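# Residue-level structural notes
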Amino acid sequence: MNTTSSRIVLAFAALLTSQALSAADTGESAERWFREGAQRADRLGSGQAKAKNVILFVGDGMSLPTVAAARIREGQLKQQTGEENLLSFERFPHTAFSKTYNTDSQTPDSAGTMTAMITGVKTRMGFLGVGQIPERGDCAGGRTQPVASALTLAKQAGLSTGVVTTTRVTHATPGATYAHVTERNWESDADLPSALRGGACKDIAWQLLDYARGTGIDVVMGGGLNKFLPAATRDPRYPNARGARMDGRNLMAEWRKAQPKTAFVSTGSELAALDLAKTGKLVGLFNGDHLSYEYDRVADKDDEPSLADMTRAAITLLRRDDKGFVLVVEGGRIDHAHHSGNAYRALHDTIAFSDAIRVADELTSADDTLILVTADHAHTMSFVGYPQRGNPILGKVFGKAGEDEPASLVKDLLGKPYTTLVYANGPGYTGESSLQPAGTKNFPHNPGGYFEPATGRPDLTEVDTEHPNFMQEALVPTNSETHGGDDVGIWARGPGAQAVRGTLEQNTIFHLLTQPQSVLRAYLCGAGYCEDGVPVVLPKAR
């Protein structure tokens, strides 16, 4: 390397270092994020409306290409060409873009993004309900920087609250609604570093039980039983669960004892049999781990409720509150399917997510209920080529090789066809792995850190790319496909929805949800968090 080249490299390295240093000296704080988000929402007119109920739907990993592909897939399942179809929430009248970055990462994770949306405070990757100042895994530092969620504030204001998810209820998105922790993976005490077990640093499952007994929450539904049950003994109520806790505690038994009037269910059949008119609070944990993907739930006839079923039950119970409610619903396995490089399951879970939103739209009125739909982050799935209209979205590209050429099965310059949907990275890389030979990969595929370099591309001519287990090709070999850093969509209807427009910092979503809710806004102002009638002061987390 010559002297000039060395100087260029050193100058570039110095620039990167200076950028990192300046990022740490931006003056960002939880208080600043909260205030600026509140001011932006107020300028958009968020507080001019009055909503009784607020529902936030989060499609985890639901990038804009995912929405477009799922729209087409749903239409094609209805025997349409597909492109003309709309998912339920795409019919909502107000839309915007959300900037998803974390304070320490250009491409974010679900913990930092959900914390932004549910607390009004952007933060680091891996943080749940904690401001950006501590380092990841700093237990003591995290306890000094808690930030309150919209569900916590709503409950303090006297509203009913709930969280519904297809993931473990201790996972990142639901966890941000109640937990305060600097490591999202601390879901049970077994996940804590051994030095922290039994101390002041509490795992997320423990925090949910403590939250339910203290602050209170009316509806909790999802998966994750294993995080609440002891590893050493089995609970006969949950024969299919495999406990993970090292402390010997059965948190489900403790929860039932603390709240004897709460309905606890563990199957879809039990949920369907409930008389919700006579049900006070509801806890439904339907799997030891995450709930099944929608395709597998239906194909395997699992006795798990769909996301639409859980949403219907939650709203039916919560809407009995005359003051109103705040509900969070997550379609969490869209993200997991993308990480696995399997577009089929990602699209079908997106359609199931849309079905749940349709249920909410039908059960509530746009006159008094704000429904806001968004994603926490994007993914690397791309929509490519020039397929003709009506081409199967999971199929090979049949259309034009170029804008001015006749339609045919399109082939690349190696003479091989390719699919409309592909991933930029992930386990769908076509080189030989420790588990599968060179060529296309089949779901599930966890390469375990090993790939041989691919030699060219596989010939997809005779491959059924529409099979549920087909994995789209990935350019870069990784164990798990990554998130994308691009903006995601926001769709809204109901009181306050007119403020959903433009390109917004993701933490502004908190204020779009809370400012129109009149009881919650009055509570915040009464507690001294308002200036000129606008809640701009960061509430204290109790």
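See the structure above.
The structure reproduced in this document is the subject of the present report. (Residues numbered from 1 in each chain as written. Predicted model: local features only at pLDDT ≥ 70, side-chain atom pairs only at ≥ 80, totals over all residues. Heavy atoms only, no water.)

Moving on to the packing of aromatic side chains. Overall, the coordinates contain 10 aromatic pairs when judged by the stated rule. Considering the side-chain rings of Tyr-295 and Tyr-344, the 5.3 Å spacing of their centres and the 80 degrees angle between planes classify their relative orientation as edge-to-face. Here Tyr-344 lies in helix 14 (residues 343-363) and Tyr-295 lies in helix 11 (residues 294-299), a separation of 49 residues in the sequence. Assessed through its relative accessible area of 27%, Tyr-295 is described here as partly exposed. Pairwise contacts between aromatic rings join Phe-57, Phe-89, Phe-353 and Trp-491 into one cluster. In this structure, Lys-122 is placed above the aromatic ring of Tyr-101, and the distance from its NZ or CZ to the ring centre is 3.7 Å. Lys-202 extends its terminal NZ or CZ atom over the ring of Trp-206, reaching a point 5.2 Å from the ring centre. (Phe/Tyr/Trp six-rings, centres within 6.5 Å; stacked < 30°, edge-to-face > 60°. Helix = DSSP H or I, 4+ residues; strand = E, 2+ residues; numbered from the N terminus. Buried < 20%, exposed > 50% of the residue type's maximum accessible area, 1.4 Å probe, protein only. Lys NZ or Arg CZ within 6 Å of the ring centre and 35° of its normal.)

Our next topic: the state of the cysteines. Two cysteines form a disulfide when their sulfur atoms are joined by a covalent bond. For the structure on display, the rule yields 1 disulfide. Across the disulfide, Cys-525 is cross-linked to Cys-530 (sulfur-sulfur distance 2.1 Å). On the S-S bond that ties Cys-525 to Cys-530, the torsion sits near -85 degrees, and the link is left-handed. The exposure class assigned to Cys-525 is partly exposed, which follows from its relative accessible area of 29%. Its relative accessible area of 19% is what places Cys-530 among the buried residues. (Disulfide = S-S within 2.5 Å.)

Secondary-structure assignment places Leu-77 in helix 3 (residues 64-77). Residue classification places Leu-77 among the partly exposed residues on the basis of a relative accessible area of 45%. Separated by 405 residues in the primary sequence, Leu-77 and Thr-482 have C-alpha atoms spaced 28 Å apart. Among all residues touching Leu-77, those that are not within four sequence positions of it are His-348 and Ile-351. (Contact = heavy atoms within 4.5 Å.)

The space that makes up the largest pocket amounts to roughly 470 Å³. In terms of lining, the largest pocket is formed by 25 residues, of which the most central are Pro-146, Tyr-178, His-180, Gln-207 and Arg-542. When contributions to the lining of the largest pocket are tallied by element, the ones reaching two or more residues are helix 5 (139-143), helix 6 (150-156) and helix 8 (204-213). Ranked by residues supplied to the lining of the largest pocket, first place goes to helix 8 with 4 residues. (1 Å grid on protein atoms, 1.4 Å probe; cavity = no way out; pocket = protein on both sides within 12 Å on 5 of 7 lines; lining within 4 Å. Points joined across faces, edges and corners; volume = space filled by probe spheres on them.)

The strand order across the open sheet formed by 3 strands is 10-13-16, and the pairing between neighbours is mixed. Edge positions in the sheet fall to strand 10 (381-383) and strand 16 (474-477), since each of these pairs with one other strand and no more. In this sheet, neighbouring strand axes are inclined to one another by 20 degrees on average, regardless of whether the strands run parallel or antiparallel. As defined by bridge partners, strand 13 (residues 421-426) adjoins strand 16 across 3 bridges and the pair is classed as parallel. Looking at strand 16, one finds that Asn-425 is bridged to Val-476. Along the sheet, helix 3 makes contact with strand 10 and strand 13, crossing strand 10 at roughly 60 degrees. (Pairing = 2+ DSSP bridges. Axes fitted to C-alpha atoms, helices over the stretch in contact; angles between N-to-C directions.)

Turning next to helix 16 (residues 518-526). Turning to helix 16, its buried residues number three or more, namely Leu-520, Arg-521, Tyr-523 and Leu-524. All buried residues of helix 16 fall inside an arc of 160 degrees around its axis, so they share one side. Exposed residues pointing more than 90 degrees away from the buried face of helix 16 are listed as Ala-522 and Gly-526. Against the buried residues of helix 16 lie helix 2 (30-43), helix 6, helix 15 (508-514), strand 20 (530-531) and strand 21 (534-535). Where helix 16 begins, the capping side chain belongs to Gln-517, and its oxygen is found 3.0 Å from the backbone nitrogen of Val-519. Looking at the residues trailing helix 16, positive phi occurs at Gly-528, about 90 degrees. (Arc of directions from axis to C-beta. Polar contact = N/O pair within 3.5 Å; in protein donor to acceptor, adjacent residues only side chain to side chain.)

The next thing to look at is the nonpolar core. The biggest cluster of nonpolar side chains holds 72 residues, and the ones touching the most others in it are Leu-56, Phe-228, Met-252, Trp-255 and Leu-372. With 6 residues, helix 8 is the single largest residue contributor to this core. Discounting chain neighbours no more than four positions away, the residues touching Leu-56 are Met-114, Ile-118, Leu-327, Val-328, Val-329, Leu-372, Thr-374, Ile-509 and Leu-513. Among the nonpolar cores identified, the runner-up in size contains 53 residues, and Phe-57, Ile-334, Val-359 and Met-381 belong to it. (Core = buried A, V, L, I, M, F, W, Y, C linked by side-chain atoms within 4.5 Å.)

A separate point is the pairing of strand 4 (residues 219-223). Burial analysis of strand 4 places 5 of its 5 residues in the buried class, which makes it a mostly covered element. Pairing of strand 3 (residues 160-168) with strand 4, which is carried by 4 bridges, proceeds in the parallel orientation. Its bridge partner lying in strand 4, Arg-168 is registered against Gly-223. Taken together, the 4 bridges between strand 4 and strand 6 (residues 282-285) define a ladder with parallel strand orientation. Each residue of the ladder has a partner; that of Gly-222, found in strand 6, is Leu-285.

Once that is clear, we can look at the environment of Asp-247. Here Asp-247 shows up in the loop between strand 4 and helix 9 (251-258). What makes Asp-247 partly exposed here is its relative accessible area of 34%. Placed 242 residues apart in sequence, Asp-247 and Gly-489 show a C-alpha to C-alpha distance of 42 Å.

Geometry only, nothing functional implied.
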